[in-house]
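Descriptive structure summary
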Amino acid sequence: MSDAETHKEDMKKVQAKHRAKVAEAQDPGRGLVLVHTGKGKGKSSSAFGVVIRALGWKQKVGVVQFIKGKWITGEKRFFDQLGDVTWHTMGEGFTWDTQDRDRDIAAAEAAFAKGVEMMESGDYDLVVLDEINIALRYEYLDIHAVIDSLKARDDRTGVILTGRDAKPELMDYADLVTEMTEVKHPYQSGIKAQRGVDF
């Protein structure tokens, strides 16, 4: 048997195995919970890729940003132009900007309340809680309250929670957890954040 024929037979086996696995998979009848975490870049960017995918299927999407504050980002500008995403930027910037724990807690609680409202409404197919893991890391929010709210969400609604240092309890509850690993970052070489790449 030639290399080409061997390869073709191998791929047929892979295909059959994959099709059998797909046939066994079931629809859970509810939106999934995805966690994008890790020290590497791309957690929010990946979430916004899923937003685009959802919009491609005419699904209703909402975004609540916990940290970014008044920082102007390319994704916000794009989705504002598109007009199909309900977007709430609720944070006041990174915690080291405010240097006021009470103010940061109040901002996180307000953002979370907006997220809970969207998750429970039944109006959304997807809700992104962008950088909520940062609020959880600094204990501006209670992890058990967050998980309870995820459990209480409408069955229609999937949720993506982004930010580094996701709590173990959240990762245990989630359907999908992706950890971004930083291998190299331009900031380490003294290169400042680039418009269109970093924001």
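Below: a short report on this structure. The structure presented is a predicted model; accordingly, all values stated were derived computationally and were not measured. (Residues numbered from 1 in each chain as written. Predicted model: local features only at pLDDT ≥ 70, side-chain atom pairs only at ≥ 80, totals over all residues. Heavy atoms only, no water.)

Concerning the nonpolar core
Among the nonpolar cores identified, the biggest contains 30 residues, and Phe-66, Leu-129, Ile-132, Leu-141, Val-146, Leu-150 and Leu-161 are the most heavily contacted of them. The greatest single-element share of this core, amounting to 7 residues, is contributed by helix H5 (residues 101–121). Excluding its chain neighbours within four sequence positions, the residues that come into contact with Ile-132 are Phe-66, Phe-112, Leu-141, Val-146, Leu-161 and Thr-162. (Core = buried A, V, L, I, M, F, W, Y, C linked by side-chain atoms within 4.5 Å. Buried < 20%, exposed > 50% of the residue type's maximum accessible area, 1.4 Å probe, protein only. Helix = DSSP H or I, 4+ residues; strand = E, 2+ residues; numbered from the N terminus. Contact = heavy atoms within 4.5 Å.)

Quick word on a nonpolar patch on the surface
A grouping of Ile-52, Phe-78 and Leu-82 is seen on the molecular surface, where their side chains present a nonpolar patch of about 270 Å² in accessible area. Along the chain, Phe-78 falls in helix H3 (residues 74–82). (Patch = residues over 30% accessible without salt bridge, like charges linked within 9 Å, V, L, I, M, F, W, Y side chains within 5 Å. Areas by Shrake-Rupley, 256 points an atom, 1.4 Å probe, with all protein chains shown as cover. Salt bridge = Lys/Arg side-chain N within 4 Å of Asp/Glu carboxyl O.)

Examining the packing of helix H2 (residues 43–56) against H3
Running from amino to carboxyl end, H2 crosses H3 at an angle of 15 degrees, the nearest separation of the two axes being 12 Å. Between H2 and H3, the crossing angle belongs to the class labelled roughly parallel. In this structure, H2 meets H3 at a crossing whose hand is left-handed. Residues Phe-48, Val-51, Ile-52 and Leu-55 of H2 lie in contact with H3, whose contacting residues are Glu-75, Phe-79 and Leu-82. Broken down by class, the residue content of the contact of H2 with H3 amounts to 6 nonpolar, no polar and 1 charged. (Axes fitted to C-alpha atoms, helices over the stretch in contact; angles between N-to-C directions. Parallel < 35°, antiparallel > 145°, perpendicular 65-115°, else oblique. Left-handed = near helix turned anticlockwise from the far one by under 90°. Nonpolar A, V, L, I, M, F, W, Y, C, P; charged D, E, K, R; others polar.)

Description of the environment of Trp-87
Looking at where Trp-87 falls in the secondary structure, it is placed in strand S3 (residues 85–89). Between the C-alpha atoms of Trp-87 and Val-61, which are 26 residues apart in sequence, the distance is 8.7 Å. Setting aside chain neighbours within four positions, we find Trp-87 in contact with Phe-48, Val-63, Gln-65, Glu-75, Lys-76 and Phe-79. A polar side-chain atom of Trp-87 sits 3.1 Å from a polar atom in the side chain of Thr-89. (Polar contact = N/O pair within 3.5 Å; in protein donor to acceptor, adjacent residues only side chain to side chain.)

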